[in-house]
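Structure assessment
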Amino acid sequence: MTQSMTESMTEAMIVARGLRKSFRQSNGATFEAVKGIDVEVRRGEAFGFLGPNGAGKSSTMRMVAAVSPISGGELRILGMDPAVDGPAIRGRLGVCPQEDNLDQELNVFDNLYIYGRYFGLPKQVVRDRVGELLEFAKLTEKAKSRVDELSGGMKRRLTIARSLINRPDLLLLDEPTTGLDPQARHLLWDQLFRLKQAGVTLVITTHYMDEAEQLCDRLVVMDKGVIVAEGAPRELINEHSTREVAELRFGVGEHAALAEKLADLGERVEVLPDRLLVYAADGEEVVARTHERGLEPIASLVRRSTLEDVFLRLTGRTLVD
Amino acid sequence: MAPLVGALARPNDLPFLEGVLRQADYWAVLWARTWRGVVASSFLSPFLYVLAMGVLLGGFVEADADQLEGASSYLAFVVPGLIAAHAMQTAVSETTYPVMGMIKWQRIYESMLATPLQPRHVVGAHLASVALHLAATCGLYTLVLAPFGVYESWWGPFLAFGSQVLTGMAFATVVYAFSTRLRSEEGFGVLFRLGVFPLFLFSGAFFPVGNLGGAAWLARLTPLWHGVNLSRMFALDNVTWWIAGVNVAVLVVVMLLGWRWSVSGLTKRMLA
Ligand SMILES: Nc1ncnc2c1ncn2[C@@H]1O[C@H](COP(=O)(O)OP(=O)(O)OP(=O)(O)O)[C@@H](O)[C@H]1O
Ligand SMILES: [Mg+2]
């Protein structure tokens, strides 16, 4: 281990250097899901992994959760080596997996209580914490309901509540809001904000750029097992995109041809199947000058750049397909 | 089991017993839901067996004690073998679908392994629950059947009971290991048809394996025969101690190998 790695370990919650994960597939070939990533998560921050399906987010999260051995590189979690100190690391982590694995046959209270016991916490301590967490997750009225009677949003809140039963130093959330309706998502974000304010270090994976922008202090953009960019959401946007974007929709099939005619209006033009994106500091001006040239988009919209644009810029693809 | 657990454990692991006990509340909740069914069926089934085997079938079986391995009646012959075979079936049913369910349907193990618990603890607690089930079932069978005069000594039932639970656990660990490696439930059908059912019929539970002639040695290689034979020797107070020693050794070795395969199987499956 290098000197600098030892030093950064002391403050960092997670340090990964050249971290790799490969899987043996059923046809015998090996597939590399994570291809050497460097990550450092500091105490108290909310750190994000933003990337499309198959980017390697969950594979990374499982290694960090000390349930998946690393295939290469180095990984330290809370200053410890997961290959040696798995139980001690997991004892201080909270994990909210991508797919809920609540016990459908138990009621809400028992799901929390039984999980708490796995950490070796005394019965009374667990009971007290369950009460607090039910309040926190707004599930107190549902304490005696079976899990299969809960809505998707409630299940997700319960999973997060469960991950907090051991008062973790580091909370790992794998796509916490995927599949939820907007209202349920906002409720969950609110919950996560409160945790962040309480000083819990959060690591979040998502393929929603709004979620990443809302929740993360710092993030890495991942694609096909590698990190393509890293920084604070605003920094990344400033660095890789313009202030505004004009979205212009023309008739089907016209976009590619029109892109050339509008290329000089912005710093960059992206062609999507259903619209053109013109990147410029002033989007309204792009729209006005498009009309001046006698081009009439069916619809136009000016918005600020987002992480979606950063991703498009860096990979040539959209985040959610 | 301690040395074997020790062999696999490393310094920073959670102690074995502690990890198992942390799951006591979980298994207690499951037991609170299922114990009535276990007790009811363990009371009822032996009566049905006495009726079918002792009265209805046994009425046709006229044989000397020599031919029935020293048993005075067919019922006395069949009961110890039957309980041992039933232990096998209980063990198999508790370590097939339930294990696959906890791996991939309800994904209970995934949630357990996200905590300080490790595969050894998870396997240990699950198998402890199976042992409890076996003890309850075999114990109740023995209680119900003892009054029918099928035991030749007062200590016979106790040692026979121990043999039956040991038999069940030998199967429990091996089948658990099989289940951790199985991707889809179709494999269970094969296990039942080609493994459990032939063993049930041909391992000496219902007739002396000597009747199989040249194939008798094959029957004696099966773990179930060792369990049936041990159970029957104790029940009939007809113990050849060196054979009993071999029977116990075989069952213990099978159980310990199954334990190792179970832990390695669950580790490979869940911590990939
Ligand atoms: N156990 C496994 N065996 C084989 N391949 C795997 C395994 N787990 C993941 N992969 C592969 O690794 C790649 C990355 O998967 P991963 O689940 O880490 O992506 P992700 O970024 O979390 O995607 P998503 O947004 O869909 O959850 C995928 O191509 C996936 O098929
Ligand atoms: Mg994922």
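Anything mentioned here points back to the structure above.
Residues numbered from 1 in each chain as written. Chains lettered and ligands numbered in written order. Predicted model: local features only at pLDDT ≥ 70, side-chain atom pairs only at ≥ 80, totals over all residues. Heavy atoms only, no water.

Residue and element names in this part refer to chain B. Here helix α3 (residues 24-57) crosses helix α7 (residues 119-145) at 30 degrees, and the two axes come no closer than 9 Å. In terms of their interaxial angle, α3 and α7 are classed as roughly parallel. Both α3 and α7 take part in a crossing whose hand is right-handed. Contact residues: W27, W31, V38, V39, S42, F43, S45, P46, F47, Y49 and V50 in α3; A125, H126, S129, L132, H133, A136, T137, L140, Y141, V144 and L145 in α7. Taken together, the residues that form the contact of α3 with α7 break down as 16 nonpolar, 6 polar and no charged. (Axes fitted to C-alpha atoms, helices over the stretch in contact; angles between N-to-C directions. Helix = DSSP H or I, 4+ residues; strand = E, 2+ residues; numbered from the N terminus. Parallel < 35°, antiparallel > 145°, perpendicular 65-115°, else oblique. Left-handed = near helix turned anticlockwise from the far one by under 90°. Contact = heavy atoms within 4.5 Å. Nonpolar A, V, L, I, M, F, W, Y, C, P; charged D, E, K, R; others polar.)

Interface size is often expressed as the accessible area that is lost when the parts come together. Each partner contributes residues to the interface: chain A has 31 residues there, and chain B has 25 residues. Summing both partners gives a buried area of about 2,400 Å² for chain A against chain B, and 50% of it is carried by carbon and sulfur. The interface formed by chain A and chain B holds 4 salt bridges in total. Residue D25 of chain B is joined to R117 of chain A by a salt bridge in which the shortest nitrogen-to-oxygen separation is 2.5 Å. Between the two partners, chain A and chain B, sit 14 residue pairs in polar contact (both at pLDDT 80 or more). Of all the elements in the fold, those that place two or more residues in the side of chain A that touches chain B are β1 (12-24), α3 (82-90) and α4 (108-118) of chain A. (Buried area = accessible area lost by both parts, 1.4 Å probe. Salt bridge = Lys/Arg side-chain N within 4 Å of Asp/Glu carboxyl O. Polar contact = N/O pair within 3.5 Å; in protein donor to acceptor, adjacent residues only side chain to side chain.)

As a volume, the largest pocket reaches approximately 920 Å³. For the lining of the largest pocket, the elements supplying multiple residues, two or more each, are β1, α2 (57-64), β5 (93-96) and β6 (170-174) of chain A together with α5 (97-105), α6 (108-113), α8 (156-181) and α12 (241-270) of chain B. Its residues assigned to classes, the lining of the largest pocket shows 15 nonpolar, 7 polar and 12 charged. Around the second largest pocket sit 25 residues that line it, and P82 and A83 of chain A together with R10, Q118 and L271 of chain B are the ones nearest its centre. Counting residues per element, the ones that place at least two in the lining of the second largest pocket are α3 of chain A together with α7 and α12 of chain B. Of the residues assigned to the lining of the second largest pocket, the class counts are 14 nonpolar, 5 polar and 6 charged. (1 Å grid on protein atoms, 1.4 Å probe; cavity = no way out; pocket = protein on both sides within 12 Å on 5 of 7 lines; lining within 4 Å. Points joined across faces, edges and corners; volume = space filled by probe spheres on them.)

The subject of this paragraph is the sheet that holds strand β4 (residues 72-77) of chain A. Residues and elements named next belong to chain A. Reading across from one edge, β2-β1-β4 is the order of the 3 strands in this open sheet, with antiparallel pairing throughout. Unpaired on one side and paired on the other, β2 (30-42) and β4 mark the two borders of the sheet. Mean inter-strand twist for the sheet, computed between neighbouring axes without regard to direction, equals 20 degrees. With 5 bridges connecting them, β1 and β4 associate as antiparallel partners. The residue bridging R20 from the neighbouring strand is G72, located in β4. Running over the sheet, α2 touches β1, β2 and β4 and is turned about 120 degrees from β1. (Pairing = 2+ DSSP bridges.)

Residue and element names in this part refer to chain A. Contacts to ligand 1 come from 14 residues, most closely from G54, K57, S58, S59 and Q98. Measuring from an oxygen atom of ligand 1, one finds a side-chain N or O atom of K57 at 2.8 Å. Between ligand 1 and Q98, the relevant distance is 2.9 Å, taken from an oxygen atom to a side-chain nitrogen or oxygen of the residue. Mapped onto the shell around ligand 1, the elements with two or more residues apiece are β2 and α2. Ranked by residues supplied to the shell around ligand 1, first place goes to α2 with 3 residues. Residue composition of the shell around ligand 1, by class: 5 nonpolar, 7 polar and 2 charged. (Near = heavy atom within 4 Å.)

All names here are of chain A. Pairing in this open sheet of 6 strands is mixed, and the strands run β5-β6-β7-β3-β8-β9 from one edge to the other. The strands lining the two open edges of the sheet, one partner per strand, are β5 and β9 (226-231). Adjacent strand axes in the sheet meet at a mean angle of 15 degrees when their direction is disregarded. With 5 bridges connecting them, strand β8 (residues 218-223) and β9 associate as antiparallel partners. Paired with V220 across the bridge in β9 is E230. The sheet strands contacting α2 are β3 (46-50), β5, β6, β7 (201-206) and β8, and the helix crosses β6 at an angle near 155 degrees.

All right, on to the state of the cysteines then. Residue and element names in this part refer to chain A. Tallied over the entire structure, the rule returns 0 disulfides over all chains. Free cysteine C216: the closest other cysteine sulfur is in C96, separated by 14 Å. For C216, a relative accessible area of 6% corresponds to the buried category. (Disulfide = S-S within 2.5 Å. Buried < 20%, exposed > 50% of the residue type's maximum accessible area, 1.4 Å probe, protein only.)

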